[in-house]
Amino acid sequence: MIRLDHVDKTYRTRRGDVVRAVEDISLVVGENEFVTLVGPSGCGKSTLLKLVAGLTEATGGAVSVRGRPVSEPFADVGFVFQQPVLLPWRSVVDNVLFSVEMLGLEPRQYRTQAAGLLELTGLGGFETKYPRELSGGMQQRVAICRALLPDPGLLLMDEPFGALDAMTREEMSLELLRVWEERRKTILFVTHSIPEAILLADRVVVMTPRPGRVARVLTIDLPRPRTMDLEFDGRFKDASDEIRSLIFAARKDRR
């Protein structure tokens with residue numbers, strides 16, 4: 001589904017300084033695979049999502065989705081940001097329909113699908129509410145429905161639960177897993193939370209401090225469907241310990 005071949009991304013600041021965000025990144029993500037990216041702040045995780053989405057262009061190397069080079073935004077992708085970014089003057093269902101409007105499609109033809117997604121994510125009955133009437137977790141569910149409505153093959157998620165409290169974050173993680181089990185998208189998910197990365201993923205990509213490189217890719221050998229009880233599984237703890245040691249070792253090497 002996604003292929004990154006020796007990808008580099010360099011930014012130039014307003015002062016003219018050169019910042020290397022990611023360096024020599026090579027990664028393959030399979031169809032319907034759930035892959036999480038974890039690493040220290042500023043290591044280029046969000047930059048990788050933008051490269052895959054075509055929101056920014058690689059300085060070096062190649063990015064492709066389904067075998068096609070990516071150099072600009074394309075239709076078959078949904079993007080979920082850390083903040084829900086809902087339009088406050090639009091109802092819940094109209095916020096969900098906004099994604100198909102942006103693609104030039106007729107919203108009325110998608111109302112049934114939008115209602116189905118809201119039901120799937122526990123928002124049935126909230127169609128006519130406005131963002132100010134929803135909790136943070138509910139707003140993020142609306143944002144996920146909005147991204148899913150055009151039925152993209154690829155879902156990119158940039159710390160979508162980072163602003164939520166711990167309990168809501170756990171609830172949203174399990175909700176996302178349930179939706180993924182039913183809809184089976186390819187998901188590339190950025191997080192700072194090691195437990196979250198393990199709970200969600202088929203594989204966890206551990207990145208080094210900037211310029212971000214792939215330190216290691218871990219396969220998560222845990223049964224699905226998953227619950228929070230898996231945190232007490234020895235394999236969960238082993239994976240968590242390995243990820244932490246990789247991140248802290250990489251930080252130490254850069255000092």
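Student: I tried to follow the pattern of salt bridges on my own but got confused; where do I start?
Tutor: Pairing between side chains of opposite charge can happen when their charged atoms approach one another. Summed over all chains, the structure comprises 20 salt bridges. One salt bridge connects Glu23 with Arg213, and the closest N-O pair in it is separated by 2.1 Å. Of this pair, Glu23 sits in strand β2 (residues 18–29) while Arg213 sits in the loop between β9 (203–207) and β10 (214–219), placing them 190 residues apart in sequence. We note a salt bridge from Asp76 to Arg66, for which the minimum N-O separation is 2.4 Å. Taken together, the positions of Asp76 in the loop between β5 (68–69) and β6 (77–80) and Arg66 in the loop between β4 (60–65) and β5 put the pair 10 residues apart, joining distant regions of the chain. Taking the relative accessible area as the measure of exposure, Arg66 reaches 44% and is therefore partly exposed. Residues joined by salt bridges that share partners form a network here, namely Asp8, Arg20, Glu23 and Arg213.

Student: Would you mind going over unusual backbone geometry with me for this structure?
Tutor: For residues other than glycine, phi is negative in most cases, and the peptide bonds are mostly trans. A cis amide bond links Arg210 with the next residue in sequence, Pro211, at an omega value of -5°. By the element assignment, Pro211 lies in the loop between β9 and β10. Here the bond from Arg224 into Pro225 is cis, since omega is 0°, no more than 30 degrees from zero. On the secondary structure map, Pro225 appears in the loop between β10 and α7 (234–254).

Reading the values: rules and limits
Residues numbered from 1 in each chain as written. Predicted model: local features only at pLDDT ≥ 70, side-chain atom pairs only at ≥ 80, totals over all residues. Heavy atoms only, no water. Salt bridge = Lys/Arg side-chain N within 4 Å of Asp/Glu carboxyl O. Helix = DSSP H or I, 4+ residues; strand = E, 2+ residues; numbered from the N terminus. Buried < 20%, exposed > 50% of the residue type's maximum accessible area, 1.4 Å probe, protein only.

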